[in-house]
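Structural description and commentary
Residues per chain, in single letters:
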Amino acid sequence: MNRKQLTLVLLAVVVLGGLGLWLRNRDKSSYKTSQGQMGQKVLGEFDLNTVAAITIKHATNELQLVQTNDLWTVRQRGGYPANFGDISETLRKLWELKVVQPIRIGPSQLERLELTASENTNSATVVALLDKEGKPVRTVFLGKKHMRRSGSPSPFGGDDGWPDGRYVMLDDKPDTVSLVAETFNNLEPKPEQWLNKDFFKAEKVRSISVTYPVAPNSWKLTRETETGQWDLADAQPDEQLDSAKTSSLANALSWPSFNDVVTDPQPDVTGLDAPTVAVIETFDNFTYTVKAGNKSGEDAYYMTVAVAAEIPQTRTPGQDEKEEDKERLDKEFKEKTDKLNEKLKKEKALENWTFLVSKWSLDSLLKERHALMAEKKDEK
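These notes cover the structure that comes with them. (Residues numbered from 1 in each chain as written. Predicted model: local features only at pLDDT ≥ 70, side-chain atom pairs only at ≥ 80, totals over all residues. Heavy atoms only, no water.)

1. Description of the sheet that holds strand β1 (residues 53–58)
If you trace the nine strands from one edge of the open sheet to the other, you get β4-β3-β2-β1-β6-β7-β8-β9-β5, paired in antiparallel fashion. Edge positions in the open sheet fall to β4 (80–81) and β5 (101–102), since each of these has one partner strand only. Relative to strand β9 (residues 178–180), β5 runs antiparallel, the two being bridged by two bridges. Bridge pairing links Pro102 to Ser178 in β9. (Pairing = 2+ DSSP bridges. Helix = DSSP H or I, 4+ residues; strand = E, 2+ residues; numbered from the N terminus.)

Below, the structure written as structure tokens:
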């Protein structure tokens, strides 16, 4: 090898060495160790009491939970009350959230862990905790769920395992990526999932009437006691109730539920301009007027409810009531009255809303007149 060739070889070694050093430094700057440490709080220390609003964003969807006059509400549902239990549990989990494993990652790898904020469905869910002035207290990106594999193949094929954690990142800082033990399955921008689902309960039913737009389908049932048999009002000679078909009516609205709240109910859509009207009276002197409209899909009805009650505020002592019994009876009467007044207050608040009520809540009540009758025997 002559001197010229040796010079070219040495020059190539120097160039390659410099290129390798440059690439190494570039990769080193791209892949930084997470600032978090195992066991450290992901969001650090902050005062939960300063959080007055929560926004949850994913792709093109956004949810806002806002605290107004000490009441949490869902803005995308016209300010309907939110489920405080779900909100407080979420805030507690975020406040206690700890790093299970710091993650070494560069900006180019964020998309792989679904930690980028974009309109794509495989982007991060961005959760912002705001104070009463709308300023961020903490912002966290919830990325891809970490899957734990069982180690043995499934007989149905594949082995996707199950989620046991999630990748998270503070704000938009790649050096804060961590793996945590929470999956946060409920943290989605779906307003219907955050509503307070407490509803009315028609208990101790004394009478039920259902009035259909088609009059012959209407009916009314009454009974003298809570366990008594139902009597059909205005019964025709050839009409006889089937007790097996009417036995469930006493509990038809004892535990109804709703799926969602309708913020802009249009009569031509809801059908509430020509509804089927059910009036339920109870032995506690509550009256529920339920208006059911059209079906929404196959699983729900549009519905409104109005509540009235005649609650006695004073107790009339018995004729032979003993003095030693008066204090006990007065106390029991007051406790019962207070509960009924509180029940009325909560249920009256439902009158301003239109609900999507689950089909099973109303189907047992919305029966046409002929469906309550015993089948006629064949004279032959």
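From this point, things continue past the structure.
2. Section: the pairing of strand β11 (residues 219–222)
Looking along a regular strand, one sees side chains alternate from face to face of the sheet. In β11, alternate side chains face the same way, and those of Trp219 and Leu221 are buried while those of Lys220 and Thr222 on the opposite face are not. Sheet analysis places strand β10 (residues 205–211) next to β11, joined by four bridges and oriented antiparallel. Looking across to β11, one finds that Ser209 is bridged to Lys220. Alignment of β11 against strand β12 (residues 231–232), held across two bridges, turns out to be antiparallel. (Buried < 20%, exposed > 50% of the residue type's maximum accessible area, 1.4 Å probe, protein only.)

3. Observations concerning the sheet that holds strand β14 (residues 276–282)
Read across the sheet, eight strands follow the order β12-β11-β10-β14-β15-β16-β17-β13 without closing on themselves; strand pairing throughout is antiparallel. A strand with exactly one partner marks an edge of an open sheet, and here the two such strands are β12 and β13 (258–262). With nine bridges joining them, strand β15 (residues 286–296) and strand β16 (residues 300–309) adopt antiparallel strand pairing. The partner of Ser296 across the bridge, within β16, is Ala300. Across the sheet, helix α5 (residues 323–348) touches β15 and β16, and the angle it forms with β15 is around 25°. (Contact = heavy atoms within 4.5 Å. Axes fitted to C-alpha atoms, helices over the stretch in contact; angles between N-to-C directions.)

4. Thoughts on the side chain of Arg369
Note that Arg369 resides in the segment after α6 (359–363). Among the polar contacts listed, one links the side chain of Arg369 to the backbone oxygen of Ser218, at a separation of 3.0 Å. Beyond its immediate chain neighbours, meaning those up to four positions away, Arg369 contacts Pro216, Asn217, Ser218, Trp219, Leu232, Ala233, Asp234, Ala235 and Glu239. (Polar contact = N/O pair within 3.5 Å; in protein donor to acceptor, adjacent residues only side chain to side chain.)

5. A few points about the nonpolar core
Residues Ile54, Leu129 and Ile280 are the most contacted members of the largest nonpolar core, which totals 68 residues. In contact with Ile280, other than residues within four places in its own chain, are Ala202, Val205, Ser207, Ile208, Leu253, Phe286, Thr287, Tyr288, Val290 and Leu365. Counting 12 residues, the second-largest nonpolar core is a separate cluster that includes Ile105, Leu110, Val126 and Phe141. (Core = buried A, V, L, I, M, F, W, Y, C linked by side-chain atoms within 4.5 Å.)

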